[in-house]
Each structure stands twice: as structure tokens, then as C-alpha cells.
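# Observations on chain architecture
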Amino acid sequence: MSISHAPPDSQEPDISDISRRANHPGDPVGSDAAPDAGPAGLEPIVPASSRRTRVPRWLRRTTGPVLLLVLWQLLSATGVLTTDVLASPGRIAQVAGDLIADGSLASAMTTSLQRVAGGLLLGTVIGTGLALVSGLFRVGEDIVDAPVQMLRTVPFVGLIPLFIIWFGIGEAPKIAIITLGVTFPLYLNVYAGIRGVDSQLIEAGESLGLSRWGLVRHVILPGALPGAMTGLRYSLGIAWLALVFAEQVNADSGIGFLMVQARDFLRTDVIVVCLIVYAFLGLLADFIVRTLERLLLQWRPTFTGR
């Protein structure tokens, strides 16, 4: 005797209906299914991000500057902005072309880049070295951190007279100003990155038999690298700011020297050209650091925005 486990009112499935649904999975199931429903009567889920209109990112990033230029040109054309207050974008483009044609802008950029590179190199070495000593050793923190924090609160611009007395009026005081501006942001971020490494990672490395140098190399330094990259980006911005002050102290070349000359002759167009050059050089330096950050921090998944 056979026992059936199906309920009394159930019906045996139609073999032809099963075959039809297997061959046509998009067909509705039964007469009550919605005509536009997907397989098994389910609506397909479309992510919200794919439903939005996809505008190229480069177009979104250039929209703001383009609108600002258009507004600037309109204000200049209507006389709201006079030439002695701020030159028009067309005039600035013409002056930039003249400076490029006679080679004065390229020469000034080369000199300024050399100063920033020298100050950035010295500041990176000094700031990173002090952060390693203070971050890795408690004795180093007791000796180094307090003097650094005291010097950090002193405005580096206020030390320009002392630098001129100590180093003269040549290139040395200019590079010293940039070095001082770069050192402290890098020190703070590298130090915070070292002390921010998870202690459980240190314990895991010790349990695996890593020596002290092995912990520093494989655990502490990689963990502090994100903070170091942030400090480097911030230090680059300070380097360009320090360069503006440095090149206005007895300078006979560089972008700051062009700005001082333009100020004496009330040439707002030349001043704006120099400011634009400063901005683009800073943007280029930041792009280089961000590229380096992506290469060195491939192991760290991060949120990139939506």
C-alpha cells in the first residue's frame, strides 16, 4: 500500500507546463503573474547608481571653473571689474602668452621648483627622522617631542629676519623657510601614524617571531604609511605657501620676484598669472603624491565616494 504525502486538494504538476517553463523561463508562472515580471514572477532589482544619468567625471570637475571664468569675463566686459582692480581672463591669457614667449615664465618656474624641491627634501628627511625617533622610542619622545611642539607654534614667517641674519640674502634663507614649513606637518602625521598602529598587530607580529626591526619594517611602517602620505600632501601645500614669502625677500628670480615687480607697476594681470602658476604647480604636486599613494597603498581598500 502506497501513502501519498500531498494534500488532498493538490494537483499533480503538468509535465508539459514544466517543460514549457524550462524552455521559456521568462514566461509568467500561472495566470495571476504580472505580464512584465521576470523569472518566477520577480521584479529585477536595478541599483540606484545605475538608474542615475552617468555624467563623465572630468566634465563635472571642469564645470565649476568654466562657470567661474564665464562670470569673470562677463563682469569684466560690463565694467563691473575694472582693469586696475582685476584684469579680464582674455587679458591674462594674452599676458601669459607673452611671458611664455620671452622665456621669463619658464625661467621663474624652474627657479621656484628648485627651491621647493630643496626645501621639501630637507624637510622630509628632518620631519620623518624626528617622527621615527619620537614614535618608535619612548626616550625619543621625551627628548624630541616637547621641543618640536614648542617650535611648531612659532610662525615660520616670523623667523625670516633671523634667517637673513644667519644665512644672508642668498638661496639659503629661502630654502630654510620652506624646510621649516615642511618639517612640522610631516612630523605630526608620521608620528600619529606610528602611534596609531593597532597594538594587536604588534602582538600578532611578536607571536610570529618577528624581531624588533621586523616589526618596524613589516607592521609599523606600513601601518604609518597612510598618515605619512597625508602629511606629505599637507607639507606640499605649506611648501608653496612658504615659497611665496621666501621669494619676496631679496629675490632676483622666481615667480615671487615676478609678483613683486608686477606689484610695483600695478600689473594685476601679471600677478594673476603668477598666482595661477602657483595653483597649477601645487595641483601637479598633489597629483603626483596621490598617484604615489595609490601605488603604495594598494593593499588598503578605501571608500571612494558614490
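Everything here concerns the structure above.
The text that follows walks through the structure, step by step, so that each part is easy to find. (Residues numbered from 1 in each chain as written. Predicted model: local features only at pLDDT ≥ 70, side-chain atom pairs only at ≥ 80, totals over all residues. Heavy atoms only, no water.)

### Things to note about the overall build of the protein chain
Put simply, the rule is: Secondary structure elements follow DSSP: runs of H or I no shorter than four residues count as helices, runs of E no shorter than two count as strands, and numbering proceeds from the N terminus. Categorising residues by exposure relies on relative accessible area from a 1.4 Å probe, with only protein chains included: less than 20% of the type maximum marks a residue as buried, more than 50% marks it as exposed, and the intermediate range marks it as partly exposed. Any two residues whose heavy atoms approach within 4.5 Å at even a single point are treated as in contact. For every accessible area listed, the method is Shrake-Rupley and the probe measures 1.4 Å; residues are considered covered only by the protein chains on display.
On a plain count of helices and strands, the protein chain comes out with twelve helices and zero strands. Counted from the first residue to the last, the protein chain has its helices and strands arranged as α-α-α-α-α-α-α-α-α-α-α-α. Counting only residues that meet the buried cut, the protein chain has 31% of its 306 residues in that class. Within the protein chain, contacts between residues separated by at least 24 positions form 69% of all contacts whose residues are at least 6 apart in sequence. Looking at the protein chain as shown, the accessible area adds up to about 20100 Å², and 66% of this sits on carbon and sulfur atoms.

### Side note on a positive patch on the surface
Applied cut-off: Two distance rules govern patches: like charges are joined within 9 Å, and nonpolar side chains (Val, Leu, Ile, Met, Phe, Trp, Tyr) within 5 Å, applied only to residues with over 30% relative accessible area and no salt bridge. Any Lys or Arg side-chain nitrogen located within 4 Å of an Asp or Glu carboxyl oxygen qualifies as a salt bridge. Only four residue types enter the tally: Lys and Arg on the positive side, Asp and Glu on the negative side; His and the chain ends are excluded. By convention, the charge on Lys lies at NZ, on Arg at CZ, on Asp at CG and on Glu at CD.
A cluster of basic residues, Arg54, Arg57, Arg60, Arg61, Arg290 and Arg294, forms a positive patch at the surface. Looking at the positive patch, the elements with two or more residues in it are α3 (57-77) and α12 (268-296). For the positive patch, the element with the most residues is α3, which contributes three residues.

### Let's talk about the packing of helix α6 (residues 138-152) against helix α8 (residues 171-195)
This is how the line gets drawn: Helix axes use the C-alpha atoms of the stretch in contact, all axes being lines fitted to C-alpha atoms, and the angles between their N-to-C directions lie in the range 0 to 180 degrees. In what follows, roughly perpendicular refers to angles from 65 to 115 degrees, roughly parallel to angles under 35, roughly antiparallel to angles over 145, and oblique to any angle outside these ranges. The hand of a helix crossing depends on one turn: near helix anticlockwise from the far one by less than a right angle means left-handed, and clockwise means right-handed. Residue classes follow a fixed rule: Ala, Val, Leu, Ile, Met, Phe, Trp, Tyr, Cys and Pro count as nonpolar, while Asp, Glu, Lys and Arg count as charged, and any other residue, Gly among them, counts as polar.
Direction vectors running N to C along α6 and α8 enclose 140°, while the axes themselves pass 11 Å from each other. Judged on the interaxial angle alone, α8 and α6 are oblique. When the axes of α6 and α8 are compared, the crossing they make is left-handed. For the pair formed by α6 and α8, the contact residues are Glu141, Val144, Asp145, Val148, Gln149, Leu151 and Arg152 on the first element and Phe184, Tyr187, Leu188, Tyr191 and Arg195 on the second. Here the residues of the contact of α6 with α8 sort into seven nonpolar, one polar and four charged.

Keep in mind these values describe shape, not function.
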